[in-house]
Amino acid sequence: MLNSKNMPREEGIDHTLSLMREGYMYILNRRRSFNSDVFETRLFGKKAICMGGKEASKVFYDNEKFKRNGAAPNRAIQTLFGKNSVQVLDGQNHKHRKKMFMSILSPDRINKLTDTTKKQWEKAIDKWEHMDKVIFYEEAKEILCRTACEWAGVPVQENEIRNLTNDLGAMFESAGVIGPTHWLGRKARNSVEKWIGEMVDKVRNRTLNPPENTVLNKFAMHRDLDGNLLDARTVAVEVINILRPIVAIAVFLNFILLTLYNFPEEKGKIKSGGEEYTQMFIQEVRRFYPFFPFIMALVKKDFIWNGYKFEEGTLTLLDIYGTNHDPEVWENPDVFNPNRFAQWDRSPFNFIPQGGGDYFMGHRCAGEWVTIEVMKVGLNFLVNQLDYEVPDQDLSYSMVNMPSIPHSKLIIKDVKKRI
Ligand code: HEM
């Protein structure tokens with residue numbers, strides 16, 4: 001092997017506490033101080049490499065260099081991902097499972113989803129008109145939970161909706177925290193996995209018949225590379241891999257509302273700017289605000305990149321937030337400016353709010369198009385179809401918590417549907 005140079009290194013026994021303290025800025029702060037897109041540190045009690053920026057994300061998404069199995073911490077598997085999910089598969093098994101996800105995300109199915117979302121927004125607004133105050137984050141999660149279940153073919157009774165919304169929310173709200181909230185997330189996952197697992201059995205013995213092209217139907221009947229049905233619990237994990245992140249779009253909807261409040265001039269631009277400006281606005285919301293801080297993988301086999309040695313088995317973190325705020329790519333990255341997307345080169349490696357690279361060959365988010373379309377529906381309601389007031393409240397948001405939600409969860413009042 002070629003000789004390698006020393007990678008910039010953060011000295012000390014372990015820096016997990018700094019990661020927890022600095023949150024979304026941890027990797028970017030060190031990339032700046034080392035003046036390097038890659039550095040070595042120690043996290044979670046072991047050696048780790050952190051990297052960010054376009055070139056780093058190109059390497060990170062090279063399936064010959066990195067693998068996912070064994071990289072995600074147990075606490076994320078027990079809450080966010082679930083066991084044996086697509087996130088922890090590699091090679092042919094990953095490709096085959098990913099195809100299952102992409103098959104239910106055709107343009108037709110996405111249209112069906114946006115129609116369902118619109119219907120749920122209409123219903124929610126009828127309710128909001130009679131409420132003294134609306135806690136937008138909680139309401140948005142419920143709209144999305146109803147949408148996701150109906151679209152995915154998962155039957156849910158009216159009196160179960162609030163609990164299910166809370167359980168799906170707990171799975172992504174608890175992954176990055178310790179203590180009771182984390183345990184709520186584990187409990188929520190166990191009960192929803194069991195509930196959906198029982199549905200899968202019923203689909204297979206035909207006592208439950210969800211519509212043909214729905215997630216529940218397709219996933220329940222999916223066969224692995226050996227031609228076997230997946231075990232019911234794994235199907236439940238993957239159905240949740242659709243329901244949970246659809247509910248999580250509430251985080252982006254909150255940031256849309258916050259943006260419209262902080263930059264009211266955006267409303268006029270959205271109204272006059274047509275499809276093109278709407279698309280750029282949505283992209284800028286996904287770039288600007290914190291959501292996922294980083295993605296983890298393990299070095300698959302020794303290699304050298306930019307003169308630095310990556311040793312087999314080393315935990316590696318790709319900086320999502322920092323790549324979306326990299327001044328090499330984004331001029332004045334900390335300014336909210338949708339117009340920057342008019343010049344964006346559409347590289348799959350420099351704008352990675354939902355991961356980068358290829359959807360089918362790699363781990364890039366299966367639901368990125370869904371997210372964008374569902375955000376557009378919400379934006380249209382907030383700009384063109386609703387009047388509301390935003391009373392005084394704490395609108396600040398954390399740069400440490402994952403996910404980050406404005407502290408007040410965004411309260412609106414005097415909601416009126418525009419006629
Ligand atoms: C709420 C906004 C969302 C954000 C911020 C987000 C973010 C991400 C990120 C960062 C990844 C990991 C990429 C990687 O490992 O390289 C991912 C993967 C994934 N996302 Fe999303 N996502 C969102 C919405 C969705 C939606 C709506 C769906 C489904 C309809 C979805 C389904 C998935 C799946 C199945 C994976 C695993 C892909 C794989 O491992 O091959 N996500 N997402």
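Rules used in this analysis
Residues numbered from 1 in each chain as written. Predicted model: local features only at pLDDT ≥ 70, side-chain atom pairs only at ≥ 80, totals over all residues. Heavy atoms only, no water. Near = heavy atom within 4 Å. Polar contact = N/O pair within 3.5 Å; in protein donor to acceptor, adjacent residues only side chain to side chain. Helix = DSSP H or I, 4+ residues; strand = E, 2+ residues; numbered from the N terminus. Nonpolar A, V, L, I, M, F, W, Y, C, P; charged D, E, K, R; others polar. Axes fitted to C-alpha atoms, helices over the stretch in contact; angles between N-to-C directions. Left-handed = near helix turned anticlockwise from the far one by under 90°. Contact = heavy atoms within 4.5 Å. Donors = N, O, S within 2.8 Å, 3.2 Å for Na, K, Ca; no water.

Section: the site of the ligand
Line of reasoning, step 1. Residues in contact with the ligand amount to 29 residues; listed here are only the nearest, Tyr61, Arg68, His94, His363 and Cys365.
Line of reasoning, step 2. Taking His94, its side chain carries an N or O atom lying 2.7 Å from an oxygen atom of the ligand.
Line of reasoning, step 3. Here an oxygen atom of the ligand sits 2.9 Å away from a polar atom, N or O, in the side chain of Lys98.
Line of reasoning, step 4. Listing elements by their share of the shell around the ligand, those giving two or more residues are α5 (91–103), α11 (232–262) and α14 (368–385).
Line of reasoning, step 5. Considering each element in turn, the shell around the ligand owes the most residues, seven residues, to α11.
Line of reasoning, step 6. When the residues that make up the shell around the ligand are grouped by side-chain class, the tally is 17 nonpolar, nine polar and three charged.

Here we look at the packing of helix α7 (residues 136–152) against α11
Line of reasoning, step 1. Packing of α7 against α11 brings their axes to within 8 Å, and their N-to-C directions diverge by 145°. When the axes of α7 and α11 are compared, the crossing they make is right-handed. Across the interface between the two elements, Phe136, Tyr137, Ala140, Lys141, Leu144, Cys145, Ala148, Cys149, Trp151 and Ala152 of α7 pack against Ile242, Leu243, Ile246, Val247, Ile249, Ala250, Val251, Leu253, Asn254 and Leu257 of α11.
Line of reasoning, step 2. Among the residues forming the contact of α7 with α11, the class breakdown is 18 nonpolar, one polar and one charged.

Some details on the coordination of the iron atom of the ligand
Line of reasoning, step 1. From the protein, the iron atom of the ligand takes a single donor atom, Cys365 (SG), 2.3 Å away.
Line of reasoning, step 2. You can see Cys365 is positioned in the loop between α13 (320–324) and α14.

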